[in-house]
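# Examining the three-dimensional arrangement
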Amino acid sequence: PAAITYGTSLDATQLNATANVPGTFVYTPDAGAVLNAGMQPLSVTFAPDDAAHYNVANASVTLQVDQAPSVLT
């Protein structure tokens, strides 16, 4: 995923895994999380609805979280 700036909460822009069969995605960290600046891991587990014919799948990526600009008043 594209880099985000510190203070931006995770949403469907970053948490956007897809599968070609019906099932459920579980993200870590989950939507709404605000990550610290730096390189941060994102992972997903996909549980297919038809577990008799498809396996659970896992994937991970690294997300760059940029420092927020300083504002002086």
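Residues numbered from 1 in each chain as written. Predicted model: local features only at pLDDT ≥ 70, side-chain atom pairs only at ≥ 80, totals over all residues. Heavy atoms only, no water.

## What to know about the environment of Leu42
- Tracing the backbone shows Leu42 in strand E3 (residues 38-48).
- In this structure Leu42 comes out as buried when scored by relative accessible area, which is 6%.
- Considered as a pair, Leu42 and Leu10 are 32 residues apart in the sequence and their alpha carbons are 10 Å apart.
- With near-sequence residues (within four places) excluded, Leu42 lies in contact with Pro1, Leu10, Gln14, Leu15, Thr28, Pro29, Leu35, Ala59, Ser60, Val61 and Leu63. (Helix = DSSP H or I, 4+ residues; strand = E, 2+ residues; numbered from the N terminus. Buried < 20%, exposed > 50% of the residue type's maximum accessible area, 1.4 Å probe, protein only. Contact = heavy atoms within 4.5 Å.)

## Topic: the sheet that holds strand E1 (residues 4-5)
- Spatial strand order, E1-E4-E3-E2: four strands in an open sheet with mixed pairing. This sheet does not close on itself; its edge strands, each paired only once, are E1 and strand E2 (23-28).
- Summarising the sheet, E2 and E3 pair through six bridges and their orientation is antiparallel. Along E3, the bridge assignment pairs Gly23 with Pro48. (Pairing = 2+ DSSP bridges.)

## Some points on the pairing of E3
- Sheet topology places E3 next to strand E4 (residues 57-66); nine bridges connect them, and they run antiparallel. Across the sheet, the residue bridging to Met39 is Gln64, located in E4.

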